[in-house]
Amino acid sequence: MTFAQTFTYWVGGLLTLMIFSFLYKDNPFYKFAEHLFVGVSAAYWMTVAFWSTMVPNMVGAIYPPSMGWFAENQAEAATLMAASSKWWRILPMILGLMMLTRLVPKAAWLSRWPMAFIIGFSAGTNLTRYLQSDFIAQIRSTLIPLLVFDKQGFNLGGSFSNTLLVIGVLSSLIYFFFSKEHKGWFGGTARIGIWVLMVAFGAAFGYTVMARISLLIGRMTFLGNWVGSVF
Amino acid sequence: MATQEKLPLFERMLKIDRRVIFVLIALAVIVPMMLKLVFVVRPSPVVQAIFDKVESLPEGSRVLLSYDYGPATVPENQPMADALVRHCLHLNHKVYIIAVWATGEAQANQTIQNVIIPEFPAKRYGEDYVQLGYKAGNQGLINAIYTDLKGMFTTDAAGVDVNSIPMMSPVTGLKDFGLILSVASGKPGLKEWVQFAGDRGNIPVSGGVTAVEAPLLYPYYPRQLLGLMGGLQGAAEYEAALVTKYPQFKETSLTAVKSMGPQTIAHFVIIFFVIIGNVAFFVQKKRDKLNRSK
């Protein structure tokens, strides 16, 4: 094992134990690991954003010859420098700089323009896709036959599954319909809707437990490898 | 301490120190790991559907694999991505690796280093697989590469011009792929691939997500999402399907299956405490009711 690998194991192992120490109670070791994580994460994202977004999409796009300074090798530099200038990207650059005016209270109002642009773009892009995928397509997916017949004839399992799905969707929707008092058959159906929602929440909780245990297994495996590397 | 001993049994159960539960959960994970406890895993239809789709693609099909996760969810996501890459390369499909998450590129490199290079030494970079790396833009990126992939990914992750990479020449946009796979742990992730690629262009989309996210994705199955690996269980099921059909991967592709032993025991412990907590709650409620009526 190389020195770098050993060092990585020790740093990772000790930081894992520091974080786990919170399970007993809050302590300075946990605080140190927590702050280190936040700091390293912020620095990582800032570096990635600089190299993957600002350099190629702004600096390089506006003035391609500048990529000669940033490229990792000559071949990459030649490719990037040969690209034609996308000078119009000065406009998003100006919008980006306007965002920074939030740091100056008197000029902070300027940041509303790029913010409006971002919100407008996001809303416009997402609206059609959400409408298509989460509304129309979901309605279509619920319009299914309650009695399923396949090559072997009547499919009891498929029919039960489809019926359950349709009842679940309709009763849940009725539960969220508050313009009519939840009484009589309407109230009864809404009550079924509550049960459906409870089952869904239970399933979600079960999945969350599985996710957390999976992460614990991952950490334990790492700690096992760390201990194994020492002895 | 003395007063605590006088409490009724069920009341004491409701006041178990949370650290006792932590220790039991830790033991439930560590002991099965040390004993190498492994349970039989069988693929469910929702996972088998992904496997069957990869199998049904003609040899040499183009498969886009997006790494949309980071180190925090490696135990769940990495086995999924590794198994998918193994399967695709074994069937001689062309694998195009991208990342919509900044941390995804490093995870893709893990697959290249730990799976592709040692297990598929005959596969050539640029002809059988390519690592295009990360690009910012979230769902906006997916929206853009739908029509112009090379416009956004002008170079691969190493900075090589994509026009000089042989397997990039027939690719224009996402419609040129036979299958889009996303291994994801949040937003942007598999949902965005369904919304901005699959539904838009009727392109088969599938993949795996963390268990936390899985319930949000199941409503898309089977019409908008042809299959789904949900958490470690999903990864284990895909590995099981792969190893059943291709036993040569038995030594390398059982990471998630091996983790399901500790997972199962830990679940039993949690179920035990859920039952204990509920029983104690209802017994105490009944006791309080009786006390009030006296």
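Report follows, based on the coordinates. Only a predicted model underlies this, so the values are computations on that prediction, with no experimental measurement involved.

The subject of this paragraph is the overall build of chain B. In terms of helices and strands, chain B carries 12 helices and six strands. When its C-alpha atoms are laid out on the principal axes, chain B stretches across 85 × 40 × 35 Å. Look at the contacts in chain B between residues 6 or more apart in sequence, and 74% of them connect residues 24 or more apart.

Time to look at the packing of helix α8 (residues 184-230) of chain A against helix α5 (residues 74-90) of chain B. The contact between α8(A) and α5(B) brings their axes to 8 Å, and the two run at 85°. By the angle class used here, α8(A) and α5(B) are roughly perpendicular. From α8(A), A:Ala211, A:Ser214, A:Leu215, A:Ile217 and A:Gly218 reach across to α5(B), where they touch B:Val74, B:Pro75 and B:Glu76. Of the residues that constitute the contact of α8(A) with α5(B), the class distribution is five nonpolar, two polar and one charged.

Another point: the packing of α5(B) against helix α11 (residues 231-245) of chain B. All names here are of chain B. Contact geometry for α5 and α11: axes closest at 8 Å, N-to-C directions at 25°. By the angle between their directions, the pair α5 and α11 is classed as roughly parallel. Between α5 and α11 the crossing geometry is left-handed. Residue-level inspection shows Pro-75, Glu-76, Pro-79, Met-80, Ala-83, Arg-86 and His-87 of α5 in contact with α11, the latter providing Gly-231, Leu-232, Gly-234, Ala-235, Tyr-238, Glu-239 and Leu-242. Counted by class, the contact of α5 with α11 contains eight nonpolar, three polar and three charged residues.

Bringing the interface of chain B and chain A into the picture now. Opposite the 40 residues of chain B that make contact, chain A presents 36 residues. Listed by contribution, the elements that provide at least two residues to the side of chain B that touches chain A are α3 (18-34), α5, α7 (138-145), α9 (190-201), α10 (214-217), α11 and α12 (255-293) of chain B. A per-class count over the side of chain B that touches chain A returns 21 nonpolar, 13 polar and six charged.

Before going further, it helps to spend a moment on the pairing of strand β4 (residues 179-184) of chain B. Residue and element names in this part refer to chain B. Across the six residues of β4, six count as buried, placing the element largely inside the fold. A two-sided burial pattern is seen for β4, the buried positions comprising Leu-179, Leu-181 and Val-183 on one face and Ile-180, Ser-182 and Ala-184 on the other. Between the parallel pair β4 and strand β5 (residues 205-209), the chain is carried across by α9, and the sense of this crossover is right-handed.

What follows concerns the nonpolar core. Counting 85 residues, the largest nonpolar core has B:Leu65, B:Ile97, B:Ile180 and B:Tyr238 as the members making the most contacts within it. In contact with B:Ile97, not counting residues within four places along its chain, are B:Leu65, B:Tyr67, B:Ala108, B:Tyr129, B:Val130, B:Gln131 and B:Leu132.

Moving on, we come to unusual backbone geometry. Residue and element names in this part refer to chain B. Residue Pro-188 follows Lys-187 across a cis peptide bond; omega there is -5°. Relative to the elements of secondary structure, Pro-188 occurs in the loop between β4 and α9. Cis geometry is found at the peptide bond from Tyr-221 to Pro-222, where omega equals 5°. Along the polypeptide, Pro-222 turns up in the loop between α10 and β6 (228-230). With phi around 50°, Asn-138 is a residue other than glycine that occupies positive phi space. Tracing the sequence through the fold places Asn-138 in helix α7.

All names here are of chain B. The sheet built from six strands is open, its strands ordered β3-β2-β1-β4-β5-β6 with parallel pairing. The two strands at the open ends of the sheet, each matched to only one other strand, are β3 (129-134) and β6. Each strand axis lies, on average, 15° off the axis of its neighbour in the sheet, ignoring direction. The pairing of strand β1 (residues 62-68) with β4 spans six bridges and is parallel. In the strand pairing of β4, Val-63 is matched with Leu-179. α5 rests against β1, β2 (94-99), β3, β4, β5 and β6 of the sheet, and its axis sits at about 165° to β1.

Quick notes on the rules
Residues numbered from 1 in each chain as written. Chains lettered and ligands numbered in written order. Predicted model: local features only at pLDDT ≥ 70, side-chain atom pairs only at ≥ 80, totals over all residues. Helix = DSSP H or I, 4+ residues; strand = E, 2+ residues; numbered from the N terminus. Contact = placed C-beta atoms within 7 Å. Axes fitted to C-alpha atoms, helices over the stretch in contact; angles between N-to-C directions. Parallel < 35°, antiparallel > 145°, perpendicular 65-115°, else oblique. Nonpolar A, V, L, I, M, F, W, Y, C, P; charged D, E, K, R; others polar. Left-handed = near helix turned anticlockwise from the far one by under 90°. Buried ≥ 20, exposed ≤ 12 C-beta atoms within 10 Å, placed from the backbone. Right-handed = clockwise from strand over helix to strand, strands pointing away. Core = buried A, V, L, I, M, F, W, Y, C linked by C-beta atoms within 7 Å. Pairing = 2+ DSSP bridges.

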